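Structural features, examined
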2 protein chains.
Amino acid sequence: MAVSVYCQSEASVKPVSSLNPDLKNSWDPSELLVHLHRLPDQRAAKMEEEKLCQFRPKSCLCPRTCCRWKGSLDAFIPHLKEQHKSIMMLQGRDILFLAADIDVPGAVNWVMLQSCFGFYFLLVLEKCEKHRGHQQFFAAVMLVGTRKQADNFTYRLELSGSCRRRLTWEAVPHSILEGVASVVANRDCLVFDKTTALLFADNGTLEIHVSIGCA
Amino acid sequence: MAVSVYCQSEASVKPVSSLNPDLKNSWDPSELLVHLHRLPDQRAAKMEEEKLCQFRPKSCLCPRTCCRWKGSLDAFIPHLKEQHKSIMMLQGRDILFLAADIDVPGAVNWVMLQSCFGFYFLLVLEKCEKHRGHQQFFAAVMLVGTRKQADNFTYRLELSGSCRRRLTWEAVPHSILEGVASVVANRDCLVFDKTTALLFADNGTLEIHVSIGCA
């Protein structure tokens, strides 16, 4: 089901002269310079605001998909349930995210949904080679909601292995509107390489304990 | 002070015929094959045993040092206190390991000593480029003691950052006899890359909370 609801706040970049009503009368080149310098920041902020707008139609937010769906944030979960039935969904604050066959070659994603506190969270484990010959895993929790809503939560990812080894990442979830690619690029998630993954894997399967909490 | 106490158990690889006293009389080629296959494992185990022997004189166990000292494990702490006075020592189960100037170029080590439970622990943060253009940090706690003694402890390394981010590694410490290089090669420590380090650093300094516990 494709839903297209356009963002209510359209971007607008005002001409320099309109930034300060007094600018025409009190001509001060240094003040103009300040405004000119501010402009790119203002544009960037507007673009970021647009990108994160929950009403603007987005492509399917499921990572590494060739799905052509477009819709608003509200329509994303119904779309997943209807068109991406292979994505498992579990209810509860504490769940186990199982990623099987982690040694399969190439770039791979493992995705599942967790539902608690009246929200849905997309759990993503991405394996890729950002540096030649060096496979890395990136695990993150993304709220299917806005960034403001995401600020109300924390999440914890935990890998437990033999010999009393434990690797834990705790953070505030990102909004799914920010995109998995941005989270991976900023390493703002649990990052580990293949050797570490094998320390924790059991027969090629990685068990990630996921806990969501209210901030 | 150089102390040389030789290991009491010398390595010895027995000839195949002596592995089983009955071998000469009851000739069974399949049994010989089993012994031949076992031999490399036995040699490797012997070599490992020798390497970890606390009485065998070792080169200075301080990572990345050009120190020419050789001595036994017992003599290592007096050597550090005498010859490596720049290495800070703190007492207590919970301490703060501060690594300044983490963005300094090249391969760098930060080392300190922690003393608790009647033992010394060497805390090591190593920065190096295992993959071209990809700087990684490796943090580990090594007991100045044998592997058997190390099994009685656990350690926890924790990085805390802004926006409620926390990265934690828990494990059994390695014996310093195993060497930092081996721990780093096996990724059996806290591993994070430069981007993650910058997420947690404050003005170029990384604060690592170190906790030692009894198993």
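Quick summary incoming for the structure in this document. In this text the structure is predicted, and so the values were computed from the model without any measurement.

Here we look at the overall build of chain A
The helix and strand inventory of chain A stands at six helices and 12 strands. A burial count over chain A gives 46% of its 215 residues as buried. The long-range fraction of contacts in chain A, counting pairs at least 24 apart against all pairs at least 6 apart in sequence, stands at 58%. Total accessible area on chain A stands at roughly 11300 Å², and carbon and sulfur atoms take up 51% of it.

Observations regarding helix H3 (residues 76–83) of chain B
Helical geometry: 3.6 residues make up each α-helical turn, so side chains three or four residues apart lie on a common side. All names here are of chain B. When we look at burial in H3, the residues that qualify are Phe76, Ile77, His79 and Leu80. Within H3, the buried residues cover an arc of 160° as seen down the axis, which keeps them to one side. Summarising the contacts, the buried residues of H3 are in contact with strand E5 (108–116) and strand E6 (119–131).

A look at unusual backbone geometry
Of note in this structure, A:Asp101 is not a glycine but carries a positive phi near 55°. By secondary structure assignment, the location of A:Asp101 is in the loop between strand E4 (94–99) and strand E5 (108–116).

Considerations on the interface of chain A and chain B
If you look at the interface, chain A gives 30 residues, while chain B gives 30 residues. Between chain A and chain B lies a buried interface of about 2300 Å² when both sides are counted; carbon and sulfur atoms form 48% of it. Looking at the side of chain A facing chain B, the largest losses of area belong to A:Arg164, A:Arg166 and A:Glu170, adding up to 25% of the total buried there. Remark: the boundary between chain A and chain B carries six salt bridges. Between A:Arg166 and B:Glu170 there is a salt bridge; the shortest N-O distance is 3.3 Å. Those elements giving two or more residues to the side of chain A that touches chain B turn out to be strand E7 (134–143), strand E8 (153–160), strand E9 (166–171), strand E11 (190–193) and helix H6 (194–200) of chain A.

Considering the pattern of salt bridges
Residue and element names in this part refer to chain A. All told, the structure shown has 13 salt bridges over all chains when counted by the stated rule. Here glutamate 158 makes a salt bridge to arginine 156, at a shortest N to O gap of 2.8 Å. Taking the relative accessible area as the measure of exposure, arginine 156 reaches 29% and is therefore partly exposed.

Overview of the relation of the copies chain A and chain B
By a simple turn and slide, chain A fits onto chain B: the slide is 0.0 Å along the axis, the RMSD is 0.0 Å, and the turn is 180°. On this basis, the relationship between the two copies can be described by a two-fold rotation axis. Among all residues of chain A, the minimum C-alpha distance to the rotation axis is found for A:Thr168, at 2.5 Å. The fraction of interface residues of chain A whose copies in chain B are also interface residues reaches 100%, indicating that both copies meet through the same surface.

Here we look at the environment of A:Gln114
Residue and element names in this part refer to chain A. For glutamine 114, the position within the fold is in strand E5. Since its relative accessible area comes to 0%, glutamine 114 is described here as buried. Linking glutamine 114 and valine 141, residues 27 residues apart in sequence, is a C-alpha distance of 9.3 Å. In this view, glutamine 114 contacts Leu90, Gly92, Arg93, Asp94, Ile95, Phe119, Tyr120, Phe121, Leu123, Val210 and Ile212; residues no more than four positions away in its chain are not counted. A polar atom in the side chain of glutamine 114 sits 2.8 Å from the backbone oxygen of glycine 92.

Let's talk about the nonpolar core
Grouped together as the largest cluster of nonpolar side chains are 114 residues, with contacts concentrated most on A:Leu125 and B:Leu125. Those residues in contact with A:Leu125 that lie beyond four places of it in its chain are A:Phe97, A:Ala99, A:Val108, A:Asn109, A:Trp110, A:Phe137, A:Phe138, A:Ala139, A:Phe192, A:Leu206 and A:Ile208.

Overview of empty space enclosed by the protein
As enumerated under the stated definition, the model contains three cavities of 30 Å³ or more in all. Its boundaries defined by the atoms lining it, the largest cavity holds a volume of some 100 Å³. Around the largest cavity, the lining comprises 13 residues; the ones closest to its centre are A:Val191, A:Phe192, B:Val191, B:Phe192 and B:Asp193. Here the lining of the largest cavity gets four residues from one element, more than from any other, and that element is E11(A).

Describing the sheet that holds strand E12 (residues 206–214) of chain A
If you walk across this open sheet you meet the eight strands as E4(A)-E12(A)-E8(A)-E9(A)-E9(B)-E8(B)-E12(B)-E4(B), and the pairing is antiparallel. Edge positions in the sheet fall to E4 of chain A together with strand E4 (94–99) of chain B, since each of these pairs with one other strand and no more. Each strand axis lies, on average, 20° off the axis of its neighbour in the sheet, ignoring direction. Two strands pair when backbone bridges link them, and E8(A) and E9(A) are joined in this way by six bridges, in the antiparallel orientation. Bridge assignment links A:Arg156 to a residue of E9(A), and that residue is A:Glu170.

Calculation rules
- Residues numbered from 1 in each chain as written.
- Chains lettered and ligands numbered in written order.
- Predicted model: local features only at pLDDT ≥ 70, side-chain atom pairs only at ≥ 80, totals over all residues.
- Heavy atoms only, no water.
- Helix = DSSP H or I, 4+ residues; strand = E, 2+ residues; numbered from the N terminus.
- Buried < 20%, exposed > 50% of the residue type's maximum accessible area, 1.4 Å probe, protein only.
- Contact = heavy atoms within 4.5 Å.
- Areas by Shrake-Rupley, 256 points an atom, 1.4 Å probe, with all protein chains shown as cover.
- Arc of directions from axis to C-beta.
- Buried area = accessible area lost by both parts, 1.4 Å probe.
- Salt bridge = Lys/Arg side-chain N within 4 Å of Asp/Glu carboxyl O.
- Least-squares fit on C-alpha atoms with pLDDT ≥ 70 in both.
- Polar contact = N/O pair within 3.5 Å; in protein donor to acceptor, adjacent residues only side chain to side chain.
- Core = buried A, V, L, I, M, F, W, Y, C linked by side-chain atoms within 4.5 Å.
- 1 Å grid on protein atoms, 1.4 Å probe; cavity = no way out; pocket = protein on both sides within 12 Å on 5 of 7 lines; lining within 4 Å.
- Points joined across faces, edges and corners; volume = space filled by probe spheres on them.
- Pairing = 2+ DSSP bridges.
- Axes fitted to C-alpha atoms, helices over the stretch in contact; angles between N-to-C directions.

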